[in-house]
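What follows is each chain in one-letter form.
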Amino acid sequence: MATSNKFWKPGGSRPSGQVELERAKQGSEGAGSCMTFNTHLHLPISQQRQRLPIARYREQILYLVEKYRTVVIVGETGSGKTTQIPQYLHEANWTGNGYIVAVTQPRRIAVTTVASRVADERGVVLGHEVGYSIRFDDCTDSKGTRIKFLTDGMLTREMMWDPLLLKYSVVMLDEAHERNINTDIVIGLLKKIMKKRDDFHLIISSATLDAELFKSYFETNTDRADPRKDTAVIMTIEGRAFDIDIHHTKLPVADYVKSTVDTALAIHREEPTGDILAFLTGQEEVETAVKLLKEHAERVTKGLQLLPLPLYGGLPYSEQIQVFQRTPPNSRKVIVSTNIAETSVTINGIVYVIDCGFVKLKAFSPQTSLESLVIVPISQSSALQRSGRAGRVRSGKVYRLYTEESYRALDVTTVPEVQRSSMAPVVLQLKALGIDNVLRFNYLSPPPAESLLQGLELLYALGALDDEGKLTNPLGMQMAEFPLNPMFARMLLLSESFGCSEEILTITAMLQVNHAFHQPTRQKANASQAKRKFCVYEGDHLTLLNVYNAFIRYNQDPRWCQQNFIHYKSLCHAVSIREQLKRLLHRFKIKLVSCHDDPIPIQKCIVSGFFVHAARLHYTGTCYKTIRGNHTLHIHPSSILFEERSPQWVVFNEVLQTSSLFMRDVTVVDPEWLYQLAPHFYQYGTEREIAESKKQKLEDLPVIT
Ligand code: CDP
Ligand code: MG
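Here the structure is a predicted model, which means the values were calculated and not measured. Within any chain, residue numbers begin from 1 and follow the written order of that chain's sequence. Chain labels run from A onward and ligand labels from 1 onward, assigned in the order the entries are written. Per-residue local features of the predicted model are confined to residues with pLDDT of at least 70, and side-chain atom pairs are confined, for both listing and counting, to 80 or more; whole-chain, interface and lining totals are unaffected and use all residues. Processing note: side-chain calculations cover all non-hydrogen atoms of the structure and skip hydrogens and water entirely.

(A) Here's a closer look at the sheet that holds strand 4 (residues 130-134). Strand pairing is assigned whenever DSSP identifies at least 2 bridges connecting the two strands. Numbering of helices and strands runs from the N terminus, with a helix taken as a DSSP run of H or I at least four residues long and a strand as a DSSP run of E at least two residues long. The mixed open sheet is built from eight strands, whose spatial order is 5-4-6-3-7-8-2-9. Whereas interior strands pair on both sides, the edge strands pair on one side only; in this sheet they are strand 5 (137-139) and strand 9 (232-237). Across the sheet, the axes of successive neighbouring strands diverge by a mean angle of 20°, strand direction being ignored. Bridge analysis of strand 3 (residues 100-105) against strand 7 (residues 168-174) gives five bridges, and the strand direction is parallel. Each bridged residue has a counterpart across the sheet, and for I100 the counterpart in strand 7 is Y168. The criterion used for residue contact is that any of the two residues' heavy atoms lie within 4.5 Å. To obtain an axis, a line is fitted to C-alpha atoms, over the contacting stretch when the element is a helix, and the angle between two such axes runs from 0 to 180 degrees between their N-to-C directions. Across the face of the sheet, helix 7 (residues 211-218) comes into contact with strand 2 (70-75), strand 8 (201-206) and strand 9 while running at roughly 155° to strand 9.

Shown next as structure tokens:
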């Protein structure tokens with residue numbers, strides 16, 4: 001690889017470096033790996049495959065997979081790991097006798113795009129020989145699929161009905177460096193499978209991996225003196241297809257969103273053709289940057305047309321895949337993305353990457369049981385992954401909006417998600433897989449004991465575990481089968497008993513898409529007015545229900561959506577998710593019943609799932625305090641309760657941490673319900689508060705309309 005480090009001033013007229021202080025080689029230099037031409041996209045796919053750095057290692061990879069049980073493969077981004085290794089295995093008959101080769105990815109978008117690339121390379125229709133499986137979308141053929149891409153979460157779910165993964169001959173755990181919670185669970189479970197199945201082989205791959213950690217975790221040879229008995233091996237693939245020039249800023253930047261926009265514009269002015277991929281931390285930042293870029297794009301009429309596009313998890317899938325479409329002639333795409341584009345995805349045409357140096361990550365406090373999203377500096381490993389999005393189809397340039405000194409001060413890797421998340425979903429999954437002692441499970445990186453205990457306590461309070469810590473039947477078992485967080489699962493499973501399964505189904509589906517309202521900046525007033533038509537005093541959940549019902553009443557009409565500033569595609573997505581959840585409820589024999597115009601059963605049902613997330617208005621009226629932990633929270637500005645008279649008691653779905661902690665998706669509740677519906681959880685310390693508030697509550701709770 002040939003990369004260089006340069007210093008530059010963000011937004012300056014020459015992004016290629018006004019002040020060039022240093023040009024240093026970074027990383028390993030692959031023998032003959034740098035192509036002398038700029039792109040090989042014009043070549044037939046078979047030749048493109050042969051030109052990838054990994055092609056020279058084909059036989060070696062196959063030999064190692066045959067000889068060892070575990071092969072840890074570290075290779076540059078773009079070298080061909082994800083797309084080629086499964087094909088090599090298929091060609092070498094690891095998919096004979098009906099076996100399947102599985103490749104896991106941490107993210108859904110990586111699964112679908114990589115599967116479709118591999119299907120193209122093989123000249124087959126996606127969903128047959130090459131398929132994929134993600135939550136709410138199974139695109140495989142039960143008999144014909146030989147190479148299957150799936151999220152690591154889906155692989156864990158498959159273990160519920162096929163604990164030894166008997167259909168698979170090889171599992172490739174790709175991008176294992178991401179270490180999301182599901183990757184870590186899969187790792188622990190695969191270790192168990194390896195003990196029981198001699199014929200099962202594992203590949204762990206990434207560009208930036210602590211290879212030794214993985215090797216020693218899976219190594220079963222205890223005779224250190226004799227490496228010939230080793231069952232795990234590390235293999236390094238040298239070389240990336242094309243050069244990357246890495247530039248750092250000379251000084252730290254004050255506002256990375258603005259700097260991202262300035263840098264993109266400077267690239268647009270100064271640099272030759274090629275698309276830009278910029279990393280920001282979340283939807284709001286992405287939308288802001290896209291808006292600023294669009295404003296500018298309208299002014300630029302001569303030369304290349306600037307084409308800004310957003311990319312983030314909550315964006316409807318049909319819009320996400322727009323970024324992969326061919327750039328129109330005489331245009332330059334600027335894709336502004338969260339870190340969903342950080343790993344595994346190839347967006348053809350990306351030549352320039354802008355990296356803001358920050359990421360939004362999950363953080364968890366076992367004391368308050370609150371999981372929140374926090375913006376923190378990225379790790380060096382993330383920075384390398386982001387850089388790797390350039391130089392995949394031709395040489396590229398990377399602009400880091402931080403100094404080289406800051407880069408060196410970054411943590412080498414990101415703390416694994418399992419060490420900064422609520423453990424309730426993990427504990428539930430492990431229990432469902434028959435792993436009773438979750439404290440003793442062989443984690444690659446053990447989570448804090450208090451998080452595990454909090455997980456156990458929460459599941460007990462939710463009725464998923466009994467006094468002995470066993471999964472309850474049917475509630476606990478059914479909760480484990482739901483592809484949703486245990487709080488959502490409980491709410492859905494109990495909805496029939498509250499007489500409102502129809503409504504809760506809709507609300508749950510709407511909460512999965514989280515992008516119902518359009519708020520175009522130029523028509524903010526009109527959009528707010530339109531939104532108000534759907535708002536109810538009870539809060540966000542019932543408001544979302546109203547939106548969905550109106551959408552159905554108006555025959556899912558896109559024009560109606562446009563007039564009402566409703567996101568048409570999000571609503572269509574919600575319709576499809578609702579359909580799938582409905583099938584699940586049907587499988588569990590839960591009847592669909594409606595409470596019609598009565599909101600109380602719905603509010604109570606929400607409480608039955610989310611009572612842990614309950615908060616009370618502080619006497620100052622300026623903030624809320626969680627009932628457990630007395631943590632300070634605010635209502636998020638996106639909530640419809642933000643502008644309303646602050647209700648006394650609320651429950652919420654999630655917390656976002658920016659300047660302070662914000663509750664999102666908030667519903668007004670009666671404190672008595674908390675006590676009724678979660679007596680074990682709230683019997684200590686809060687009874688008095690509830691009693692005290694009763695009088696006030698009657699006067700203060702908003703009138704239900
Ligand atoms: O996994 P790794 O980063 O090593 O590479 P890969 O995802 O297998 O991609 C190898 C190469 O295939 C990329 O550098 C692209 O040249 C090409 N590719 C593509 O053109 N379009 C895709 N959707 C995926 C890969
Ligand atoms: Mg890859």
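(B) Structural view of the site of ligand 1. Nearness is judged by heavy atoms alone; a residue qualifies as near a molecule or strand once a single heavy atom is within 4 Å of it. Not every one of the 14 residues close to ligand 1 is listed here, only the nearest: G78, G80, K81, T82 and T83. We define a polar contact as two N or O atoms separated by no more than 3.5 Å, with the added condition that, inside protein, one atom must be a possible hydrogen donor and the other a possible acceptor, whereas residues neighbouring each other in sequence contribute only through side-chain atom pairs. For ligand 1, an oxygen atom lies 2.6 Å from a polar atom in the side chain of T82. Residue R117 places a side-chain N or O atom 3.3 Å away from an oxygen atom belonging to ligand 1. Protein contacts shield 96% of the accessible area of ligand 1, which totals 530 Å² for the unbound molecule. Looking at the shell around ligand 1 element by element, the count peaks at three residues for helix 3 (residues 81-91). Charged residues are taken to be Asp, Glu, Lys and Arg, nonpolar residues to be Ala, Val, Leu, Ile, Met, Phe, Trp, Tyr, Cys and Pro, and polar residues to be all remaining types, Gly included. For the shell around ligand 1, a count of residues per class yields two nonpolar, eight polar and four charged. Built from parts of two domains, the shell around ligand 1 gets at least three residues from each of domain 1 (2-23 + 241-417) and domain 2 (45-237). Accessible areas in this description were obtained via Shrake-Rupley with a 1.4 Å probe; residue shielding takes into account the shown protein chains only. Domain segmentation is taken from an automatic or database assignment of domains.

(C) How the structure looks around the coordination of the magnesium ion (ligand 2). Only nitrogen, oxygen and sulfur atoms within 2.8 Å of the metal, or 3.2 Å for Na, K and Ca, are treated as donors, and water is left out, so sites may look incomplete. With distances of 2.0 to 2.7 Å, the protein atoms coordinating the magnesium ion (ligand 2) are T82 (OG1) and E175 (OE). On the criterion of sequence distance, the pair formed by T82 in helix 3 and E175 in the loop between strand 7 and helix 6 (181-196) is long-range, its members being 93 residues apart. Like E175, T82 is buried. Residue exposure (1.4 Å probe, protein chains only): buried if accessible area is under 20% of the type maximum, exposed if over 50%, otherwise partly exposed.

(D) Summary view of the packing of helix 3 against helix 4 (residues 108-122). Following both chains from N to C, one finds helix 3 and helix 4 inclined at 50°, their axes separated by 10 Å at the closest point. One element, helix 3, and the other, helix 4, form an angle in the oblique class. Between helix 3 and helix 4 lies a crossing of right-handed hand. On helix 4, the residues that touch T82, T83, Q84, Q87, H90 and E91 of helix 3 are V114, R117, V118, E121 and R122. Classifying every residue of the contact of helix 3 with helix 4 by side-chain character gives two nonpolar, five polar and four charged. By the definition adopted for this analysis, an angle is roughly parallel if under 35 degrees, roughly antiparallel if over 145, roughly perpendicular if from 65 to 115, and oblique otherwise. Left-handed describes a crossing whose near helix is turned anticlockwise from the far helix through less than a right angle; right-handed describes the clockwise counterpart.

(E) Representation of helix 6 within the structure. In a helix, the anticipated span is given by 1.5 Å times the number of residues less one. Across its 16 residues, helix 6 extends 24 Å between first and last C-alpha, which sits within 8% of the 22 Å expected from 1.5 Å per residue. Residues I181, T183, D184, I185, V186, I187, G188, L189, L190, K191, I193 and M194 constitute the buried set of helix 6. On its buried face, helix 6 is in contact with strand 2, helix 5 (152-161), strand 7, strand 8, helix 7 and helix 13 (424-432).

(F) View of the pairing of strand 17 (residues 396-400). With five of five residues buried, strand 17 is to be regarded as a mostly interior element. Of the two faces of strand 17, both are covered, the one formed by G396, V398 and R400 as well as the one formed by K397 and Y399. With five bridges connecting them, strand 10 (residues 244-249) and strand 17 associate as parallel partners. Bridging across to strand 17, H248 finds its partner in R400.

(G) Representation of the packing of aromatic side chains in the model. Classification of ring pairs rests on two measures: the distance between centres of Phe, Tyr or Trp rings, Trp counted by its six-membered ring, which must be within 6.5 Å, and the angle between planes, read as stacked under 30 degrees, edge-to-face over 60 and tilted in between. Considering all chains together, one arrives at eight aromatic pairs under this definition. With 5.0 Å between their ring centres and 85° between their planes, Y217 and F218 make a pair best called edge-to-face. You'll find Y217 and F218 in the same group, each marked buried. Among the aromatic residues, those joined into a cluster by ring pairs are F534, Y554 and W560. Two thresholds decide whether a charge sits over a ring: the Lys NZ or Arg CZ must be within 6 Å of the ring centre and within 35 degrees of the ring normal. The residue whose ring lies beneath K191 is Y217, and the NZ or CZ to ring-centre distance is 4.4 Å. Taking the ring centre of F517 as reference, the NZ or CZ of K531 above it sits at 4.8 Å.

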